[in-house]
Amino acid sequence: KKLRFAPPFHHPSPDAAQVVVFAGPPGAGKTTTLIKIAIRECLAQRQSVRILSVDPYRVAAHEKLRSFAAIIGVGFTAINSVQEFSAAVEESRNKSVVLVDTPGYSPTELDGAKEIAICLERVPNKRIHLVLPASTKRLDLTRSIRDYAAFQPDYLLFTKLDETGSQGAILSAALEADKPLSFFAHGQNIPEDIEPAHARILLASVFRPEVAEAVSAA
């Protein structure tokens, strides 16, 4: 009963772009997750999309996302400074959804994360997903949630569920952070390996499948 889940991925009114930000540690799968959501939740619903890739430190980091954006046929902007970010969001306000990929920061690079987080505070109509690997130990998940608190995430989004047989760390992190869960990603296939978060998949690692289904329904 304490677990909370994000509402369905909704789309804004025609005159207000919804800005969806993906933040999280290096290797969490932010870029792949962004593309999955762009296809499944935006393009499949015939929503206009623009992708912004923010990385002031590694210019080459934009190239993977630029290639994906070209393949799926959506607009793309590479942003190499925090100053460029606000302008890019303003230029994209005619889109239905603006998807923002942010850099992964190690614990020693968090000053840069705070800089982007402060910039995001001024962006209206945004939702921030903190992307975390489900295969990470509970204490490391807790540390990442603390490290990225400056982003004020609205939701936790877990990836790499296929790399662990236990979801106990996810349960602990979700309850401790008191944040709704948005999506579960469980593989590299684009766009198939992602689904809205729900209780059944978490409880199945704790209870027998039929019990998990009953508890989830309750």
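Residues and numbers for the sheet that holds strand β4 (residues 97-101), please.
As summarised here, the arrangement of the 8 strands in space is β3-β2-β4-β1-β5-β6-β7-β8, forming an open sheet in which the pairing is mixed. Single-partner strands in this sheet number two, and they are β3 (75-79) and β8 (194-196). For this sheet, the mean inter-axis angle between neighbouring strands, taken without regard to orientation, is 20 degrees. On top of the sheet, helix α1 (residues 30-42) reaches β1 (18-23), β2 (49-54), β4, β5 (126-133), β6 (155-159), β7 (181-185) and β8; it is set at about 170 degrees to β4, its chief contact. Seen against the sheet, helix α5 (residues 138-147) touches β5 and β6 and runs at an angle of roughly 155 degrees to β5.

How would you summarise unusual backbone geometry if you had to cite specific residues and measurements?
Backbone phi values are negative for most residues with the exception of glycine, while trans is the configuration of most peptide bonds. Even without glycine at this site, R46 takes up a positive phi of about 60 degrees. Along the chain, R46 falls in the loop between α1 and β2. R46 gets classed as exposed once you look at its relative accessible area, which sits at 78%. Despite not being glycine, N125 has its phi angle at roughly 55 degrees, a positive value. On the basis of relative accessible area, N125 is assigned to the partly exposed category, the value being 37%.

How would you explain the packing of helix α3 (residues 82-91) against helix α4 (residues 110-120) if you had to name every residue and give the values?
Packing of α3 against α4 brings their axes to within 10 Å, and their N-to-C directions diverge by 30 degrees. With respect to each other, α3 and α4 are oriented roughly parallel. In this structure, α3 crosses over α4, and the sense of that crossing is right-handed. From α3, V82, F85 and S86 reach across to α4, where they touch E115, I116, C119 and L120. Counted by class, the contact of α3 with α4 contains 5 nonpolar, 1 polar and 1 charged residues.

Could you give me a rundown of helix α6 (residues 168-177), with the residues and numbers involved?
Because an α-helix packs 3.6 residues into every turn, residues spaced three or four apart end up facing the same way. Within the span of α6, buried status applies to A169, I170, L171, A173, A174 and A177. Phi turns positive one or two residues past the end of α6, at D178, with a value near 55 degrees.

Please give an account of the packing of aromatic side chains that cites residues and values.
A complete count under the given rule lists 2 aromatic pairs for this structure. A ring pair is formed by F9 and F183, whose centres lie 6.4 Å apart and whose planes are at 55 degrees; its orientation type is tilted. With F9 in the segment before β1 and F183 in strand β7, the pair connects residues that are 174 residues apart, well separated along the chain. For the pair F9 and F183, a shared accessibility class is recorded, and that class is buried.

Which residues make up the pairing of β6, and what are the values?
Counting buried positions over the 5 residues of β6 gives 5, a clear majority of the element. Here β6 shows a buried face lined by Y155, L157 and T159 and a second buried face lined by L156 and F158. Examined bridge by bridge, β5 and β6 share 5 bridges and lie parallel to one another. The partner of P133 across the bridge, within β6, is T159. This β-α-β element, β5 to α5 to β6, shows right-handed connectivity. Alignment of β6 against β7, held across 2 bridges, turns out to be parallel.

Lay out the pairing of β7 in plain terms, naming residues and giving numbers.
Regular strands show a simple pattern: their side chains alternate between the two faces of the sheet. The buried count for β7 comes to 5 of 5 residues, which makes it a mostly enclosed element. With 3 bridges connecting them, β7 and β8 associate as antiparallel partners. Of the residues in β8, the one forming a bridge with A185 is I194.

Now, about the side chain of K36: what can you tell me, with residues and values included?
Residue placement: K36 occurs in helix α1. No salt bridge is formed by the buried K36; the nearest opposite charge belongs to D193, separated by 5.2 Å. Engagement of the side chain of K36 in a polar contact is seen with the backbone oxygen of D193, the distance being 3.0 Å. In this structure K36 touches E41, A185, G187, Q188, N189, I190, P191, D193 and I194, once residues within four positions along its chain are discounted.

Procedures and definitions
- Residues numbered from 1 in each chain as written.
- Predicted model: local features only at pLDDT ≥ 70, side-chain atom pairs only at ≥ 80, totals over all residues.
- Heavy atoms only, no water.
- Pairing = 2+ DSSP bridges.
- Helix = DSSP H or I, 4+ residues; strand = E, 2+ residues; numbered from the N terminus.
- Axes fitted to C-alpha atoms, helices over the stretch in contact; angles between N-to-C directions.
- Contact = heavy atoms within 4.5 Å.
- Buried < 20%, exposed > 50% of the residue type's maximum accessible area, 1.4 Å probe, protein only.
- Parallel < 35°, antiparallel > 145°, perpendicular 65-115°, else oblique.
- Left-handed = near helix turned anticlockwise from the far one by under 90°.
- Nonpolar A, V, L, I, M, F, W, Y, C, P; charged D, E, K, R; others polar.
- Phe/Tyr/Trp six-rings, centres within 6.5 Å; stacked < 30°, edge-to-face > 60°.
- Right-handed = clockwise from strand over helix to strand, strands pointing away.
- Lys, Arg positive; Asp, Glu negative; His and termini not counted.
- Salt bridge = Lys/Arg side-chain N within 4 Å of Asp/Glu carboxyl O.
- Polar contact = N/O pair within 3.5 Å; in protein donor to acceptor, adjacent residues only side chain to side chain.

By themselves these figures say nothing about function.
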